[in-house]
Amino acid sequence: MLKISRRSLLTAAAGGVVSTALSAPFIRRASAAGRSSLIYASAEALTGNWDPTSHTSLAQINFENFVFGQLFRTPMQPDNPSQIVWELATGQKLVDEYTMEYTLRDGVTFHNGAPFSAEDVKATFEYATSPGRPASALYPGQCEVEVVDRLTARVHTKKFGYPASAFQFTGALMAILSKDDVKDPKVLSQRPNGTGAFKFVKQEGNTSHLVAFDKYFRGKPKIEQVEFSYVSDATARILGLMSGDIDILQRLEPEQYATVKKNKALHAWEALSTENKYLHFRCNKPPFDNPLIRQAAAHAIDRSQILAVMDVAGAANNDYISKLKFGYEDVPGYPEYNPERCQQFLAKAGFPKGQGLPQIDYLTSTGFYPKTKEYGEVITSLMNEQGFNVKLNVMDTAAWGGRLYQTADKVAEGHMIDCGWMSGSPEPDIVLRAMFYSKAGPGGGLINGIKDKDIDAALDAERAEGDSAKRKVLVGKATEVIASKLPSLSLFTSVNLNACRAGLTDFSIYPNGPMDVSRAYYKDV
Amino acid sequence: MVSLISFLVRRILQGALIILLVSFGIFAVLRLVPGDPARLVLGPMASDQVVEVAAREMGLRDPIPVQYVHWLGAALHGDMGQSYIRAINGSQVTGSHDEFAQAGKAHVLDLIGGALPYTLQLAALALLFAAIIAIPLGIAGGMRSGQWPDKLVLYLGSAFVSIPNFWLSVVLALVVTAQFHLIPSIGYQGFSYTILPAFVIAIEMSPIFMRSLSSSVSGARQRSFVSLAEIRGLSRWRIFFGHILRNAAVPVLNLFGVQIGALLGGILIVEFIFNYPGLGLLTVQAVLQRDFPVIQGVAVLSAVLFVVINILVDLVSTWIDPRLDF
């Protein structure tokens, strides 16, 4: 009979270990030193369309920041939210109430070799702001551009009825396109051609490959290659960062952040974002068509408990815009947790202690924003304590996204839904008009469906003011009007939790997500 | 020969019926769950009118059996439809509602064709690892029934079967890849990225093979032809390979056919955790994004694989043991 002894089994096991060890040199080490490439893992997929005016997707905006140039950037630092850093433009000035003039940088070229000029600015502005473009919602309105000379362009807004000062910050949102590409949007959609530090090479599955652009106007980047990869699972992203397969990550979960902080091979940091998280009430159907019920709900919610759940990923805020936005200030009388006032509002609305109120469907997502399910449970519990009958419905991101917006033909699902609104400019109107202006979408405010003359008037007044100091005051007044009507409750400002390989140096990340790695390099740590 | 052909015809017809039933079941269920595919394609802000027009153009307002017949007719001609969310270049797309974005959506068969080689590589390596673990231990346990190798198989099998694959995946990726940088495993940049995911699947699959082989070998050893073979003076190796192992192989092979479903299930989870670009990752992302054509395509492919492998298992079993009738 075949004899298998303890000794023979141990010998065989030892042999296995030795052969594995011998083969180890043939297995690629997970961590490679002396890198000249950067691998960025995106939590969100790209749109499949390289035309920057075809979407409002954050992931795609992050990608575009590598490839496309802009007239200027707005770093939005807490101590100077209105700062402007010039890029393809060297300056802007208001010629009159309806005309903004840009002087442009000389010697800039697109990745296809075409020289940059005022003609490209004209083509980009007129194309991007035309009402048919999906991203036109990011800009104050349609415009016409006059080419004064090769390096001077004037943006005119009179024909479209709003002041040109509205472009003071929003000009930073526009990826500048080549005039020849704009002539054929099909070409535009098929390959990205910008003036940015990195040039698009190819798409492989979920990875976009970029290389340093030799003729970048600030000099060729030290990082030679960038891989922009969509990695859907948060655990895979963090493990990839820890193993060296990913170099930089954004939007970590608080627990992941705590783990990465302890790892000496990695660098992790917090940064206040431009995104406020809102609890939107569907104002175009009962019970939240009644402002008293909205007030009651807002006074039932203890935002300090939500912040405790968010941990480092949320910052207190008493306004509808982030502290990084122009015109931020704590809104006087912003709703605070006050059960007594909640009960007063319920009684005044004819629903004492919530009796007679219908069931309220609260829609939230999981897997995209941090902790939505957890703080959704807190909100549900707090409102139910006051007599509401809230049912929390936690959905995956796709299902939630499909129910988010109001449409022209029917009232949106659910009674409450939460959502953030990130934008790449200090301009407050990008948020305020999208969320609260009656003509923002087919049903009123894009998500809450609010249609309110007082809010519209306040928003129109602040947009029409050309003087910065006066406008700041009017932005404050507009947010006060919004807080008195409460179509939504701003819960907190998101804090971005970022992490990268410890040696990565000389790069910056804007508060809305895009990063500048045009001068970045790896140093020994 | 006649019986072999008759067997093949019978099994292929049975298999075709199974595939038809599975594909119809999945087709119907996907169309009954909440969420309008036309709305998914056009985005949340498209008006209901536009969505309705698109839905009619896509045939989504026809009765489900009619839709299924259309789908089946196209599938038999090699067209399993286009993904709702993936572009031709393979990238997953979202959030753009432009006509050009919609025109560039990938064909389901191309997506499956791109992901399948990675999954086959993973499955093959997982089976190899499972065999390396299960065959020596299973044979040792069967040959020394009631003694320590048998107990080792029992305890090891119990331990392996108790380890959830998602937990083992995360622990291995954390320790082996992230902590000690021994074997890379997140994403795919070469063959070495297959090792850890394959090992996790092997750990999941090996207990059942180990136990089955152990009891089959033990059972074969008790049979009279083994005692007679010793009396006949046959060598130990010949008795082992020609009589014990050959007889023990048939039940293990049949078990393998049944275990294909478990293998596919394991691959789904493991590929997602390791971000391994195979069919599992494709499927999980399709489910999360409601990409119905891709889900349908992968489900049909899984049914086909299941049927084909089981036919092959029956053929091999009969070849090993001629007493089995077609």
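Source: prediction; values computed, not measured.

Cut-offs applied
Residues numbered from 1 in each chain as written. Chains lettered and ligands numbered in written order. Predicted model: local features only at pLDDT ≥ 70, side-chain atom pairs only at ≥ 80, totals over all residues. Helix = DSSP H or I, 4+ residues; strand = E, 2+ residues; numbered from the N terminus. Rg over C-alpha atoms; globule rule 2.2 N^0.38 Å. Contact = placed C-beta atoms within 7 Å. Axes fitted to C-alpha atoms, helices over the stretch in contact; angles between N-to-C directions. Parallel < 35°, antiparallel > 145°, perpendicular 65-115°, else oblique. Left-handed = near helix turned anticlockwise from the far one by under 90°. Nonpolar A, V, L, I, M, F, W, Y, C, P; charged D, E, K, R; others polar. Pairing = 2+ DSSP bridges. Core = buried A, V, L, I, M, F, W, Y, C linked by C-beta atoms within 7 Å. Buried ≥ 20, exposed ≤ 12 C-beta atoms within 10 Å, placed from the backbone. pLDDT = per-residue confidence, 0-100.

Chemist: Would you explain the overall build of chain A in this entry?
Modeler: Along its length, chain A carries 16 helices and 21 strands. Here chain A has a C-alpha radius of gyration of 26 Å; the compact-globule value for 525 residues is 24 Å, and the two agree. Overall, chain A is about 90 × 70 × 40 Å in size when its C-alpha atoms are taken along their principal axes. Contacts in chain A between residues at least 24 apart in sequence constitute 69% of all its contacts with a sequence separation of at least 6.

Chemist: Looking at this model, I keep getting lost on the packing of helix H6 (residues 108–143) of chain B against helix H7 (residues 148–162) of chain B. Mind explaining?
Modeler: Axes are the key here: two packed helices are described by the angle between their axes and the distance separating the axes. Residue and element names in this part refer to chain B. H7 packs onto H6 with a crossing angle of 130 degrees between their chain directions and a minimal axis gap of 7 Å. One element, H6, and the other, H7, form an angle in the oblique class. As for how H6 packs across H7, the hand of that crossing is left-handed. Along the contact surface, H6 presents Leu 137, Gly 138, Ala 140 and Gly 141, while H7 presents Pro 149, Asp 150, Leu 152, Val 153 and Leu 156. Each residue belonging to the contact of H6 with H7 can be placed in one class, and the counts come to six nonpolar, two polar and one charged.

Chemist: When you look at the packing of helix H1 (residues 2–32) of chain B against helix H13 (residues 292–320) of chain B in this model, what are you seeing that I'm missing?
Modeler: Residue and element names in this part refer to chain B. Taken N-terminus to C-terminus, the directions of H1 and H13 make an angle of 160 degrees; their axes are 10 Å apart at the nearest point. Here H13 runs roughly antiparallel to H1, going by the angle between their axes. Pair H1 / H13 crosses with right-handed handedness. On H13, the residues that touch Arg 11, Gly 15, Ile 18, Ile 19, Val 22, Ser 23, Ile 26, Phe 27 and Leu 30 of H1 are Phe 292, Ile 295, Gln 296, Ala 299, Val 300, Ala 303, Val 304, Val 307, Ile 311 and Asp 314. Considering only residue class, the contact of H1 with H13 consists of 14 nonpolar, three polar and two charged.

Chemist: I keep staring at the sheet that holds strand E6 (residues 144–149) of chain A and nothing clicks. Help me out?
Modeler: Picture the strands of a sheet paired through backbone hydrogen bonds; they go either parallel or antiparallel. Residue and element names in this part refer to chain A. One open sheet accounts for four strands, arranged E4-E5-E7-E6; its pairing is antiparallel. Taken across any chain shown, the strands that pair with only one partner, and hence form the sheet edges, are strand E4 (89–96) and E6. Each strand axis lies, on average, 25 degrees off the axis of its neighbour in the sheet, ignoring direction. In this sheet, strand E7 (residues 152–156) lies alongside strand E5 (residues 99–104) in antiparallel orientation, the contact comprising five bridges. Within the sheet, the bridge partner assigned to Met 100 lies in E7 and is Val 155. Along the sheet, helix H3 (residues 118–128) makes contact with E5, E6 and E7, crossing E6 at roughly 175 degrees.

Chemist: Whenever I open this one, the nonpolar core confuses me. Can you help?
Modeler: One recurring pattern in soluble globular proteins: nonpolar side chains tend to sit buried together. Among the nonpolar cores identified, the biggest contains 207 residues, and Ala 297 of chain A together with Ala 126, Ile 201 and Ala 202 of chain B are the most heavily contacted of them. Excluding residues that lie within four positions of it along the chain, Ala 202 of chain B makes contacts with Ala 126, Phe 129, Ala 130 and Ile 133 of chain B.

Chemist: Help me understand the environment of Phe 166 of chain B, please; the structure alone is not making it clear to me.
Modeler: Residue and element names in this part refer to chain B. Of note, Phe 166 is situated in helix H8 (residues 165–179). For Phe 166, a count of 15 C-beta atoms within 10 Å gives the class partly exposed. On a C-alpha basis, the gap between Phe 166 and Leu 111 in space is 25 Å, while along the polypeptide they are 55 residues apart. Excluding its chain neighbours within four sequence positions, the residues that come into contact with Phe 166 are Ile 269 and Ile 273.

Chemist: When you look at the pairing of strand E10 (residues 225–230) of chain A in this model, what are you seeing that I'm missing?
Modeler: Regular strands place side chains that alternate from one sheet face to the opposite one. All names here are of chain A. As judged from the six bridges shared by strand E1 (residues 37–42) and E10, these two strands associate in the parallel manner. Looking at the pairing, Ser 37 lines up with Gln 225 of E10. Relative to E10, strand E9 (residues 207–212) runs antiparallel, the two sharing five bridges. Each residue of the ladder has a partner; that of His 209, found in E10, is Glu 227.

Chemist: Hey, could you run me through the confidence of the model for chain B in this one?
Modeler: Reading predicted coordinates in detail is not appropriate for stretches of low pLDDT. Residues and elements named next belong to chain B. In the predicted model, chain B carries a mean pLDDT of 83, and 89% of its residues have values of at least 70. Here residues 99–103 is a poorly scored stretch, pLDDT under 50, and it has 10 contacts once near neighbours within four places are set aside; other chains count. Confidence metrics for the complex model read pTM 0.78 and ipTM 0.72.

Chemist: Looking at this structure, how should I read the pairing of strand E17 (residues 488–501) of chain A?
Modeler: Residue and element names in this part refer to chain A. When you tally the buried positions in E17, you get 14 out of 14 residues, the bulk of the element. One ladder, built from two bridges, connects strand E11 (residues 248–249) with E17; its direction is antiparallel. Bridge assignment links Ile 248 to a residue of E17, and that residue is Cys 500. Across 12 bridges, the pairing between strand E12 (residues 266–281) and E17 is antiparallel. Paired with His 280 across the strands is Ser 488, a residue of E17. Examined bridge by bridge, strand E13 (residues 314–315) and E17 share two bridges and lie antiparallel to one another. Residue pairing across strands places Gly 314 opposite Ser 494, the latter belonging to E17.

Chemist: Help me understand the confidence of the model for chain A in this model?
Modeler: Residues of chain A with pLDDT of at least 70 account for 93%, and the chain-wide mean is 89. Throughout residues 17–33 of chain A the model reports pLDDT below 50, and contacts reaching past four residues in sequence, or to other chains, amount to 15 contacts.

Chemist: I'm lost on the environment of Ala 434 of chain A in this one. Help?
Modeler: Residue and element names in this part refer to chain A. Positionally, Ala 434 belongs in helix H14 (residues 429–436). Ala 434 gets classed as partly exposed once you count the C-beta atoms within 10 Å, which come to 18. Along the primary structure Ala 434 and Val 155 are separated by 279 residues, whereas in three dimensions their C-alpha atoms are 23 Å apart. What Ala 434 contacts, discounting residues up to four positions off in sequence, is Ala 137, Trp 421, Ala 440 and Leu 446.

Chemist: What is the right way to look at unusual backbone geometry in this model?
Modeler: Most peptide bonds adopt trans geometry, and most residues besides glycine take a negative phi value. Note the cis peptide between Pro 286 of chain A and Pro 287 of chain A, where omega equals 0 degrees. Topologically, Pro 287 of chain A is positioned in the loop between E12 and helix H9 (291–300). Despite not being glycine, Asn 275 of chain B shows a phi value in the positive range, around 55 degrees. Looking at the element boundaries, Asn 275 of chain B is found in the loop between helix H11 (236–274) and helix H12 (279–288). The buried category is assigned to Asn 275 of chain B, around which 28 C-beta atoms lie within 10 Å.

Chemist: What is the right way to look at the environment of Arg 73 of chain A in this model?
Modeler: Residue and element names in this part refer to chain A. Relative to the elements of secondary structure, Arg 73 occurs in strand E2 (residues 72–73). By the C-beta count within 10 Å, which is 20 here, Arg 73 ends up buried. Residue contacts for Arg 73: discarding those within four places in its chain leaves Val 85, Glu 87 and Ala 172.

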